[in-house]
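Understanding the architecture of this molecule
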Amino acid sequence: MDSSATAHRLRTAARATDTSPVAVLKRLLLGPLGDPNRPGTRHTLLAVCPNSEAVARAALLAAQEAHTPLLYAATLNQVDRDGGYTGWTPDALTTFVANETDRLSIDVPVFLGLDHGGPWAKDLHRTKGLNAEKAMSEAKRSVAACVKAGYDLLHLDPGAGPPDAPNEPLSIEALVDRTVTLLQHAETVRHDLGRSPIAYEVGTDEARGGLQSEDRVRAFLRRLRSVLTDRDLPEPSFVVGDLGTTLDSGHFDTERARRLVVAVADEMGALVKGHYTDDVNTPSDYPLSGVGGANVGPGLSAVEAEAVRNLVDLETRRGADSGMAAALRSAVVESGRWQKWLHSEEQGRSFEDLPIDRQRWLVNTGSRYVWAHTDVQSARARLYDNVAPYRDAEAYVLWRLKTAILHYMHAFNLVGLTDILDEHLSGRTSP
């Protein structure tokens, strides 16, 4: 969306070369700004999962303060044709971001993206026991909705599977076939609608994708590039690989990342994008390793949950009780979604039997699933009223979230990137 003069220049440059704005941005990052095989400054584009209104709004405020482009990466669990757990459809998210961008006077480029778009990538695909044909059909319909809503980047994830799927990695042929099927469908919908080109992200960090090794990533991309060329389909701007990160670990495998960065650049001329970047111990290693993009999501919902807990502490000292803490815990537990984040030794245990610190972690990270629940929203409204004489609750939560997002933006060397892009797009510097 044209939220600034720089965004307008990006889209103008994209139309001139019949490509997408994100692809233009990618070329700039690969060229003078971030080619791991050339000297110079590197940057890692931050993608924020819009798992609540507060997170989506804070991301805009952080991007404005850092003066950097912002990418949203919405999963099908979060945002989909049925509203997802946020209540947003792709059209509704597009409208929300456009309205907030205008209301907050945001003047940096803002892009909308789909995260993990593929068969069985949505929890309901698995709980309903969809077969391969139905799961792919549902994924296609969701991808089409994103194209119609004006998304700029689509992650087409071929690595998920039904609950009873074997653990061994899928064949390269299966990964490529699923990816091309979804990409071809997105392009058909785009052409039918007369829409401008969009960018694509391929690959997966799912264990069944098996994209941990340089050799397997190269084999996947070589086969994918061959098929895309034969069918005259666009090549991806980003490639997802397993960088050794998990949701509840701060580990980032720097050496693996560097190997994958070289492999992806060699085979596809694309940037590596990392998922599960939440709370990594060394986020500054992302740009230093040449990683071009990184997603952050559940960790921000945990920041929101902790901010709300602080407000609950304040209302308790005032002798009030909104019931917010109990409402949040009950909603997370009743959702059952906390179970998918259990460690192997925790499987089969009830929530109450888990250690207190694990219960807190599961409520925090699971809060994203229930912020839109009626009981949680009602309790939150009461909480905000209870602390109003002493704290602007909404401003406090946004400040906590914005601070967390800015932490990544600084570590990813993004501060002032809009100005750098504007110089290149305006022709004031040479690539």
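Residues numbered from 1 in each chain as written. Predicted model: local features only at pLDDT ≥ 70, side-chain atom pairs only at ≥ 80, totals over all residues. Heavy atoms only, no water.

1. Regarding helix α11 (residues 298–317)
The end-to-end C-alpha distance of α11, which contains 20 residues, comes to 29 Å, matching closely the 28 Å that a straight helix rising 1.5 Å per residue would cover. Taking burial as the measure, the 20 residues of α11 include 14 buried ones, the bulk of the element. G319, located one to two residues past α11, shows a positive phi value of around 80°. (Helix = DSSP H or I, 4+ residues; strand = E, 2+ residues; numbered from the N terminus. Expected span 1.5 Å × (residues − 1). Buried < 20%, exposed > 50% of the residue type's maximum accessible area, 1.4 Å probe, protein only.)

2. Quick look at helix α9 (residues 254–268)
With 15 residues, α9 extends 21 Å from end C-alpha to end C-alpha; this agrees with the ideal 21 Å at 1.5 Å per step. Among the structural elements, α8 (214–230), β6 (238–240), β7 (271–274) and α10 (285–289) are those in contact with the buried residues of α9. Where α9 ends, the next residue or the one after it, G269, has phi of about 60°, a positive value. (Contact = heavy atoms within 4.5 Å.)

3. Digging into the nonpolar core
By size, the foremost hydrophobic cluster in this structure holds 130 residues, and its most contacted members are Y151, L154 and M409. Considering every element that reaches this core, the biggest residue donor is helix α15 (residues 393–411), with eleven residues. Those residues in contact with L154, other than ones at most four positions away along the chain, are L114, V143, C146, V147, A186, I198, A199, Y200 and E201. (Core = buried A, V, L, I, M, F, W, Y, C linked by side-chain atoms within 4.5 Å.)

4. Side note on the side chain of D278
Structurally, D278 can be placed in the loop between β7 and α10. R368 provides the closest opposite charge to the buried, unpaired D278, separated from it by 7.9 Å. There is a polar contact of 2.8 Å between the side chain of D278 and the backbone nitrogen of G297. Filtering out sequence-adjacent residues up to four positions away, D278 remains in contact with L247, S249, N295, V296, G297, P298, G299, L300 and Y408. (Lys, Arg positive; Asp, Glu negative; His and termini not counted. Salt bridge = Lys/Arg side-chain N within 4 Å of Asp/Glu carboxyl O. Polar contact = N/O pair within 3.5 Å; in protein donor to acceptor, adjacent residues only side chain to side chain.)

5. Quick notes on the packing of helix α6 (residues 132–149) against helix α7 (residues 172–193)
At a minimum axis separation of 9 Å, α6 and α7 run at an interaxial angle of 40°. It follows that α6 is oblique to α7 by the angle criterion. In this structure, the crossing between α6 and α7 has a hand that is right-handed. Together, M136, A139, K140, V143, A144, V147 and K148 of α6 and R178, T181, L182, H185, A186, V189, R190 and L193 of α7 make up the contact between the two elements. Its residues placed into classes, the contact of α6 with α7 shows nine nonpolar, two polar and four charged. (Axes fitted to C-alpha atoms, helices over the stretch in contact; angles between N-to-C directions. Parallel < 35°, antiparallel > 145°, perpendicular 65-115°, else oblique. Left-handed = near helix turned anticlockwise from the far one by under 90°. Nonpolar A, V, L, I, M, F, W, Y, C, P; charged D, E, K, R; others polar.)

6. Re the layout of surface pockets
Counted as a void, the second largest pocket has a volume near 420 Å³. What lines the second largest pocket is a set of 17 residues, among which E53, A54, W371, Q377 and R380 lie closest to the centre. Broken down by secondary-structure element, the contributors of at least two residues to the lining of the second largest pocket are α3 (53–66), α14 (374–387) and α15. Of all the elements, α14 adds the most residues to the lining of the second largest pocket, at four residues. Partitioning the lining of the second largest pocket into residue classes produces eight nonpolar, four polar and five charged. (1 Å grid on protein atoms, 1.4 Å probe; cavity = no way out; pocket = protein on both sides within 12 Å on 5 of 7 lines; lining within 4 Å. Points joined across faces, edges and corners; volume = space filled by probe spheres on them.)

7. Section: the environment of R190
Tracing the chain through its elements places R190 in helix α7. We classify R190 as buried; its relative accessible area is 7%. Sequence spacing of R190 and E173 is 17 residues, and the spatial spacing of their C-alpha atoms is 25 Å. Apart from residues no more than four positions distant in its own chain, R190 is found in contact with V147, R195, S196, P197 and I198. At 3.0 Å, the side chain of R190 and the side chain of E187 are in polar contact. Only 2.9 Å separates the side chain of R190 from the backbone oxygen of R195, close enough to count as a polar contact.

8. Here we look at the packing of aromatic side chains
As enumerated under the stated definition, the model contains seven aromatic pairs in all. With centroids separated by 4.1 Å and ring planes inclined at 20°, the aromatic side chains of F252 and Y286 adopt a geometry described as stacked. One end of the pair, F252, is in the loop between β6 and α9; the other, Y286, is in helix α10, with 34 residues separating them in the sequence. The exposure class assigned to F252 is buried, which follows from its relative accessible area of 6%. On the basis of relative accessibility, which here comes to 0%, the residue Y286 falls in the buried class. Ring centres of Y286 and F412 lie 5.5 Å apart, and the angle between their planes is 45°; on these two criteria the pair is classed as tilted. In this pair, Y286 sits in helix α10 while F412 sits in the loop between α15 and α16 (417–425), placing the two residues 126 residues apart along the sequence. (Phe/Tyr/Trp six-rings, centres within 6.5 Å; stacked < 30°, edge-to-face > 60°.)

9. A few points about the side chain of T19
Its location among the elements puts T19 in the loop between α1 (5–16) and α2 (21–33). Those residues in contact with T19 that sit more than four places away from it in its chain are A14, V24, R27 and P197.

10. Looking at the sheet that holds strand β5 (residues 199–203)
Taking strand neighbours around the barrel as the criterion, the eight strands line up as β1-β2-β3-β4-β5-β6-β7-β8 in a closed arrangement whose pairing is parallel. Within the sheet, the average angular offset between the axes of one strand and its neighbour, ignoring direction, is 25°. Here β5 runs beside β6; their pairing, made up of three bridges, is parallel. Paired with V202 across the bridge in β6 is V239. (Pairing = 2+ DSSP bridges.)

Fair warning: the whole summary comes from geometry, so function is off the table for now.
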